[in-house]
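Topology and contacts: notes
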Amino acid sequence: MENITKAFGTFKANDNINLNVKKGEIHALLGENGAGKSTLMNILSGLLEPTSGTIRIRGKEVTITNPTVANQLGIGMVHQHFMLIDNFTIAENIILGSEPTNTGVIDYKKAYEEIKAVSDRYGFKIEPDSLVSDISVGMQQRVEIIKTLYRGADLLIFDEPTAVLTPQEIEELIDIMHELVAEGKSIIIITHKLDEIKSVADRCTVIRRGKSIATVDVAEVTSQELADLMVGRSVSFKTPKGPAHPTKPVLKVTDLVVKENRGLEAVKGLSLEVRAGEILGIAGIDGNGQSELLQAITGMRKVESGTVEINGVDMTNKRPRTITENSTGHVPEDRHKYGLVLPLTVAENMAIQTYYKEPISKHGFLNYSVINSHARQLIEEFDVRTPSETIPAGSLSGGNQQKAIIAREIDRNPDLLIVSQPTRGLDVGAIEYIHKRLIEQRDNGKGVLCVSFELDEIFNVSDRIAVMFHGKIVGIVDPKETNEQELGLLMAGVSLEDARSELSNAEKQEGVGAHE
Ligand code: ADP
Ligand code: MG
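Residues numbered from 1 in each chain as written. Chains lettered and ligands numbered in written order. Predicted model: local features only at pLDDT ≥ 70, side-chain atom pairs only at ≥ 80, totals over all residues. Heavy atoms only, no water.

With respect to the pattern of salt bridges
- Counted according to the given criterion, the structure contains 29 salt bridges.
- A salt bridge links Lys357 to Glu325; the nearest nitrogen and oxygen atoms lie 3.6 Å apart. Separated by 32 residues along the polypeptide, Lys357 in the loop between helix 12 (346–350) and strand 19 (361–362) and Glu325 in helix 10 (residues 320–325) bring together distant segments of the chain.
- Three or more residues are tied together by salt bridges with common partners; here these are Glu32, Asp383, Arg385 and Lys403. (Salt bridge = Lys/Arg side-chain N within 4 Å of Asp/Glu carboxyl O. Helix = DSSP H or I, 4+ residues; strand = E, 2+ residues; numbered from the N terminus.)

Focus: the UniProt feature "domain: ABC transporter" (unreviewed entry) in the protein
- What UniProt calls "domain: ABC transporter" (unreviewed entry) maps, in this numbering, to residues 1–234 and 251–495.
- Secondary structure across residues 251–495 comprises 34% helix and 27% strand; the distance between its end C-alpha atoms is 25 Å. (UniProt positions renumbered as here; feature names shortened; annotations may be inferred.)

Some words on the site of ligand 1
- The environment of ligand 1 is formed by Phe8, Phe11, Ala13, Glu32, Asn33, Gly34, Ala35, Gly36, Lys37, Ser38, Thr39 and Ser395.
- Taking Lys37, its main chain carries an N or O atom lying 2.8 Å from an oxygen atom of ligand 1.
- At 2.9 Å from an oxygen atom of ligand 1 is found a side-chain nitrogen or oxygen belonging to Ser38.
- The fraction of the free accessible surface of ligand 1 (560 Å²) that becomes covered by protein chains is 70%.
- Counting residues per element, the ones that place at least two in the shell around ligand 1 are strand 2 (11–17) and helix 1 (37–44).
- Top contributing element to the shell around ligand 1 by residue count: helix 1, with three residues.
- For the shell around ligand 1, a count of residues per class yields four nonpolar, six polar and two charged. (Near = heavy atom within 4 Å. Polar contact = N/O pair within 3.5 Å; in protein donor to acceptor, adjacent residues only side chain to side chain. Areas by Shrake-Rupley, 256 points an atom, 1.4 Å probe, with all protein chains shown as cover. Nonpolar A, V, L, I, M, F, W, Y, C, P; charged D, E, K, R; others polar.)

So this is what it looks like as structure tokens:
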């Protein structure tokens, strides 16, 4: 791809990009959210036409006007959001649009045989008869892969393929990729995860704000160098922070019991306290009641028994708005469902907690010049990358959606900030930025409650770490006095006392010191 430019209006999502992929290699496309990676690959797979630039396949200049032309050129794309039809079988999805026919009738037998052959060759273990709605996300991805292979792809494009997979599935996918290139196929993988690039890719092209910055041999660069290239400055994986100066409690949860959707207890008599001027991190494996806990505190789920006190006022089973008004900010786990209204503009979303108040509205009328100028100010201050404040929030990249939510919540200056998975799916630059803002809140004397499944994140931001297991806090530790092993044991339900003696025994046996 030579000098590829793609403009949306006056905004250039791709600005003179060069990308060169060799046969038989795994080539990573690295860039922050919104850098222009998907746009570039949508051009290569015929979904978008470039504004200018040249594409050559095997040396020959081509014009890829639609996905069928891309298929004919041997290009297939496995999209970030799968494009399968739920109530069709695997086989029907795979052949859709290129059905083999025998005197005008779809030849299912032939289709099945071909699909089975592809599936067996790569050890995919799929059942062509299963409905797509009945299979796991990992399996759906395999169906997408087979779909491209079935159409004869020899250049496969994967758009952030591991974002939706479990660690086990990621390993299997990496094996599949290695097998594909061993057969002479070529792969482009879009990702912003540096460790993934190190483990799978041969070369990497870095895209930053629509421009191709560099192409490097992966073996010759460190993760730190890749991160710096991607972000355009030196990024730190560890956010610097001074000691906390906690004062009075802003959140007090006592003997809380909350049920999950099926009516079983998810939070089972939990107590905790968050003080002004500290970040309390909640570590734990997904599904131990973290979501229900935060929903109960923020008024989104019923409290069965126990109490929630915010700023000294009883907030148990109060409406979300009452809780919000009592100086609480919330960055929810599911940013699409609870954080934003995707079809509304970025500016409207930024006003969605305060729209009923002056100056955003007056005498029951929204004042759009205030809404939009307020949003422009937050966009600037929180580095939300968007061409304008008047586009739908749904068209921002994930990282920028998250920054918009954090901007809205912090702007209200709440005494208590509750965040859940604040950086899930984000790239290192955005992660660093969000961690900084959380620590800044703490330094301004606010209390922060942060739930995360990422231990790195927990260690990075927390002043105290509470470990949640089976609906209870099983231990509260000082990040300076614990390590990942100990937290791992606590997260698996081992008591702090047992965890410490287990680890010190192991240490004595090995004769080595504990490591961070
Ligand atoms: P990446 O995949 O690197 O996260 P994208 O290629 O999806 O980034 O997007 C690059 C930029 O182009 C983003 O700022 C995005 O908002 C913008 N963009 C993408 N598609 C469109 C579109 N159809 N109309 C307007 N802007 C778009
Ligand atoms: Mg993308």
